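Chain and residue survey
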Amino acid sequence: MMPELKNLEHLPLPLNTCRPQWLANIQQRAKASFDRLGFPTKNMEEWKYTDFSSLSRRIFEWGAGPAATDLRDISFLEPFTLLDEHRLILWNGGYSRVLSRVEGLPTSVRAGSLAQFMEKDPTLLEAHFTRYADSDRNAFCAMNTATFRDGAFVHIPPGVHLHRPIHILFISSGLPEKTILSLPRTLVVAEEGSEATIIESHIGWGASGYLSNGVCEIVVGKNAQVEHVLIIKEHPTASHLGYVQVFQQRESRFRSHSFSLDGALIRNDFSVGLGGENTECTLNGLFTVAEGQHVDTHTFVNHKNRAGRSRQLFKGIVQGQATGVFNGAIVVAKEALQTDAEQSNQNLLLSEQANVFTKPQLEISANDVKCRHGSATGPLDESSLFYLRSRGLGEHQANHLLTCAFAEQTIEGIKSATLKSRVSELIAERVNKFWKGAAPWGV
Amino acid sequence: MLTIRNLHATVDGKEIIKGLNLEVRAGEVHAIMGPNGSGKSTLAFVLAGKPGYEVTAGEIIYEGKDLLAMSPEQRSCEGIFVAFQYPIEIPGVANLYFLKAAINSIRKYRGFDELDAMELLDLVRQKAKAMNVEKGLLERSVNQGFSGGEKKRNEILQMAVLEPRLAILDETDSGLDIDALRSVANGINTLRSPNRSMILITHYQRLLGHVVPDQVHVLSQGRIIESGGRELAEELEKKGYAWAYEQRDRSVSGAAGVLQ
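In this report, we go over the structure that sits alongside the text. Model, not experiment: these values are computed from the prediction.

Observations regarding the overall build of chain B
Along its length, chain B carries nine helices and twelve strands. The dimensions of chain B, computed from C-alpha atoms along their principal axes, are 70 × 40 × 35 Å. Looking at chain B residue by residue over its 260 residues, the buried ones come to 53%. Long-range contacts, defined as pairs at least 24 residues apart, comprise 68% of the intrachain contacts of chain B with a sequence gap of at least 6. Approximately 11,600 Å² of chain B is accessible, and the part contributed by carbon and sulfur atoms is 48%.

Next comes the structure, spelled out in structure tokens:
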């Protein structure tokens, strides 16, 4: 039985009797950290524009797994899934063996329920689990670490190249009059020389009464290559917190493509530690914010060693009276000579009331480095709109086409062509809603 | 096909077109020549319906309909095509996809079924070949990184695919070398037909050496000051626009003489 979960200000610990001692210690510490940090307030620089404090007063409940009726028809997942993927499905944070599909994986690869691997293979997890995500300073990470019940675990042994992506789907399903707490937790370990694509989707199903607070840790071993594609399509009035922490060993490559496609209040943190020499990291992202919604994206690229190369491109599309926030930090340590870092944030405002706050943050302690950043915010280009209309495209279609074209750059570079077109369809569908109501012939 | 009567148009509150009259019948090719700032491009934008180009007086009747009451997309769907002097670059939209969206939007308006991907590809490939457009340009973003000549050829390709009834070509010849000029001119000649009218807006006579117009007009300070056959273009080329102004001044003073 789960302990009662009432007010998030007093987190209970999960009664998991099978927990190894090291994990119990970590969870105790995370709980203490959460109690100490409390809910962030707008007075904190990191949370200046994004206010989650109203959540602290809500009454939460633990979410259940999929009901039999849910399992009868899971067609709502179709827009997200690919034919040729390995699939892990977690329902309100709990692993669903019935819905998952991991049979085709090479036998040396581990992929499945975090809780189960915690019992079967704790030593493998102990080396990495919670070692990267910062529960000491990040309250929501501490909350997840202290109270998570299950999650996804992927381990790719040295030298293994996965040809098909591993797709981890987190489904959060709320209740009409209650607030369900969903705690997605992921650990991906790609050992030396391995190669893999991990897709992580966060999808809302059913009613909007839930908060999803996820933490994902990714370790990219020496000379390994990991592509991480993150899709967030929560219920339009649900709240989502996501924290991705990546650690890169020498000569590794990490590529992230993230798409924030729906959710009322979203905060995403991407934190990458370029720990080894000669590492390469690309963070590309798109956030779309509809009327009444709020999306906050924070990136933290930490160049700790020499000759690291990082590229960030984040684009925002903001509609109606919505707000987007982008805060991009690049830190270059004294040892990180010959660092080459670039960051760009471009935002498209679809209305005069739309708002974007963008802030680059550069902290450079090394000489002989290249660091660039740039930002631009504005409406759709009038001349382009006219050009399209002069070729017969209606105003709605022209706006739609140009908005999708703005997003296009963020999906370039996704390796799988089918995944790319999947994402592009999801973006087009989202953008279509933004332009709904525009007269088809501009009259 | 097209009747322009006493057209006055302003841009940013400044009057550029000041009482322009023009009559173009089906199948005719008209050339409008004039120096920089005479209002040539403004006329093209007014015909295309560009926001910011305000018509303050006069009327434009196209195939019996009031053109000025139509949105830019409606004009296009009704068969008007303007090849722009500076075609816009649109990163993120593939040329082929753009053509597909345009042709299907127009077909839908006219009550035809939309073309599927294969039909469209066949059509575009065939037109691209006829217009001397490399296949590679179809996959690239619209006009992005195209050379001057490629942009102009791309406009002609769009015209060939969309099959307009009235085409207005705004300085399609400018900035082209001799070979590019010849290939663009060939494209235009291929599209000449008894049902299709064209207005060639040009600064120089050289395009008219390849595409022979039925009528030539001289535009100056927002008005047509001289009209004639193709020989007018040759005369202009030889004698310069100053000669046309003299002609105009002579006729104005002549008229004044009659009044006196």
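Brief notes about the overall build of chain A
Each helix and strand counted, chain A has eight helices and 21 strands in total. The C-alpha atoms of chain A give a radius of gyration of 21 Å, which matches the 22 Å a tight globule of 443 residues would have. For chain A, the spread of C-alpha atoms along the principal axes amounts to about 70 × 55 × 50 Å. By residue count, 60% of the 443 residues in chain A fall in the buried class. Put simply, 84% of the contacts in chain A that link residues at least 6 apart link residues at least 24 apart. Accessible area for chain A stands at about 17,400 Å²; split by element, carbon and sulfur atoms hold 49% of it. Separation of charge centres in chain A, based on 44 positive and 47 negative side chains, amounts to 1 Å.

With respect to the environment of Ser208(A)
All names here are of chain A. With respect to the helices and strands, Ser208 occurs in the loop between strand 9 (195-206) and strand 10 (210-220). Judged by its relative accessible area of 25%, Ser208 falls in the partly exposed class. Ser208 sits 29 residues away from Thr179 along the chain, and the two C-alpha atoms are 8.3 Å apart. Here Ser208 is in contact with His235, Thr237 and Ala238, once residues within four sequence places are set aside. A distance of 3.1 Å separates polar atoms of two side chains, one belonging to Ser208 and the other to Thr237.

Observations regarding the sheet that holds strand 10 (residues 197-202) of chain B
All names here are of chain B. Spatially, six strands are ordered 6-9-10-3-11-12 in an open sheet, and the strand pairing comes out mixed. A single partner strand is all that each edge strand has here, and the edge strands are strand 6 (80-83) and strand 12 (223-228). Averaged over neighbouring strand pairs, the angle between their axes works out to 20° when direction is ignored. As judged from the five bridges shared by strand 3 (residues 29-33) and strand 10, these two strands associate in the parallel manner. For Ala31, the partnering residue across the bridge sits in strand 10 and is Leu200. Along the sheet face, helix 6 (residues 148-162) touches strand 6, strand 9 (166-170) and strand 10 and points at about 170° away from the line of strand 6.

Details of the nonpolar core
In this structure, Phe259(A) and Ile199(B) are the most contacted members of the largest nonpolar core, which totals 125 residues. Counting residues per element, this core draws most heavily on helix 7 (residues 395-411) of chain A, which supplies eight residues. Among residues more than four places away in sequence, those in contact with Phe259(A) are Val229(A), Leu230(A), Ile231(A), Ile232(A), Leu286(A), Thr410(A), Ile411(A), Ile414(A), Val423(A) and Ile427(A).

Looking at the sheet that holds strand 17 (residues 309-318) of chain A
Residue and element names in this part refer to chain A. An order of 3-2-6-9-11-13-15-17-19-21 is seen for the ten strands of this open sheet, with the pairing classed as mixed. The open sheet has two edge strands, strand 3 (94-95) and strand 21 (370-378), and neither has a second partner. As defined by bridge partners, strand 19 (residues 340-349) adjoins strand 21 across nine bridges and the pair is classed as parallel. Across the sheet, Ala341 pairs through a bridge with Cys371, a residue of strand 21. Strands in contact with helix 7 are strand 13 (253-262), strand 15 (280-289), strand 17 and strand 19; relative to strand 17, the strand with the most contacts, it is inclined by about 160°. Of the strands in this sheet, strand 9, strand 11 (225-233), strand 13, strand 15 and strand 17 touch helix 8 (residues 417-434), which is tilted by about 30° from strand 13.

Quick notes on the interface of chain B and chain A
If you look at the interface, chain B gives 33 residues, while chain A gives 19 residues. Between chain B and chain A, a total of about 2,000 Å² is buried, with carbon and sulfur atoms accounting for 69% of that surface. Among the residues chain B hides against chain A, the three largest losses belong to Glu73(B), Ile88(B) and Phe98(B). Together they make up 27% of the total. Along the contact surface separating chain B from chain A lie two salt bridges. Between Glu155(B) and Arg391(A) there is a salt bridge, and its shortest N-O distance comes to 2.8 Å. At the junction of chain B and chain A, the tally comes to eleven residue pairs in polar contact (both at pLDDT 80 or more). Those elements giving two or more residues to the side of chain B that touches chain A turn out to be helix 1 (40-48), helix 2 (72-77), strand 6, strand 7 (90-94), helix 3 (95-109) and helix 6 of chain B. By residue number, the principal contributor to the side of chain B that touches chain A is helix 3 of chain B, which donates seven residues. Taken together, the residues that form the side of chain B that touches chain A break down as 22 nonpolar, seven polar and four charged.

Considerations on helix 8 (residues 230-239) of chain B
Residues and elements named next belong to chain B. Of all the residues in helix 8, the buried ones are Leu232, Ala233 and Leu236. Down the axis of helix 8, the smallest arc covering the buried residues is 100°, so these residues share one side. Gly240, located one to two residues past helix 8, shows a positive phi value of around 85°.

Details of the pattern of salt bridges
What the rule picks out here adds up to 33 salt bridges over all chains. Two residues, Glu85(A) and Arg87(A), come together in a salt bridge whose shortest N-O distance is 2.7 Å. In this structure, the salt-bridge partner of Glu163(B) is Lys127(B), at a minimum N-O distance of 3.3 Å. With Glu163(B) in the loop between helix 6 and strand 9 and Lys127(B) in helix 4 (residues 117-130), this pair connects stretches of sequence that are 36 residues apart. Residue class for Glu163(B) comes out partly exposed when judged on its relative accessible area of 43%. One salt-bridge network, held together by shared partners, links Glu46(A), Arg267(A), Asp269(A) and Asp296(A).

Regarding the side chain of Arg196(B)
Residues and elements named next belong to chain B. Looking at where Arg196 falls in the secondary structure, it is placed in the loop between helix 7 (178-191) and strand 10. For the buried Arg196, which has no salt bridge, the nearest side chain bearing the opposite charge is Glu163, at an N-O separation of 5.1 Å. Only 2.7 Å separates the side chain of Arg196 from the backbone oxygen of Leu191, close enough to count as a polar contact. Discounting residues that sit within four places of it in the chain, Arg196 has contacts with Gly27, Glu28, Glu163, Pro164, Arg165 and Leu191.

Notes on the pairing of strand 11 of chain A
All names here are of chain A. Of all nine residues that make up strand 11, eight are buried, and the element is covered over most of its length. Where strand 9 lies against strand 11, nine bridges are found, and the strand directions are parallel. Bridge assignment links Glu200 to a residue of strand 11, and that residue is Leu230. In this structure, strand 11 lies alongside strand 13, joined through nine bridges in parallel fashion. Bridged to Ile231 within strand 13 is Phe259.

A word on unusual backbone geometry
The phi angle of most residues is negative, glycine excepted, and most peptide bonds adopt the trans form. All names here are of chain A. Unlike most non-glycine residues, Asn278 shows phi in positive territory, near 55°. By relative accessible area, which is 36% here, Asn278 ends up partly exposed. Here Gln338, not a glycine, exhibits a phi torsion of approximately 55°, which is positive. On the basis of relative accessible area, Gln338 is assigned to the partly exposed category, the value being 42%.

Definitions and cut-offs
- Residues numbered from 1 in each chain as written.
- Chains lettered and ligands numbered in written order.
- Predicted model: local features only at pLDDT ≥ 70, side-chain atom pairs only at ≥ 80, totals over all residues.
- Heavy atoms only, no water.
- Helix = DSSP H or I, 4+ residues; strand = E, 2+ residues; numbered from the N terminus.
- Buried < 20%, exposed > 50% of the residue type's maximum accessible area, 1.4 Å probe, protein only.
- Contact = heavy atoms within 4.5 Å.
- Areas by Shrake-Rupley, 256 points an atom, 1.4 Å probe, with all protein chains shown as cover.
- Rg over C-alpha atoms; globule rule 2.2 N^0.38 Å.
- Lys, Arg positive; Asp, Glu negative; His and termini not counted.
- Charge placed at Lys NZ, Arg CZ, Asp CG, Glu CD.
- Polar contact = N/O pair within 3.5 Å; in protein donor to acceptor, adjacent residues only side chain to side chain.
- Pairing = 2+ DSSP bridges.
- Axes fitted to C-alpha atoms, helices over the stretch in contact; angles between N-to-C directions.
- Core = buried A, V, L, I, M, F, W, Y, C linked by side-chain atoms within 4.5 Å.
- Buried area = accessible area lost by both parts, 1.4 Å probe.
- Salt bridge = Lys/Arg side-chain N within 4 Å of Asp/Glu carboxyl O.
- Nonpolar A, V, L, I, M, F, W, Y, C, P; charged D, E, K, R; others polar.
- Arc of directions from axis to C-beta.

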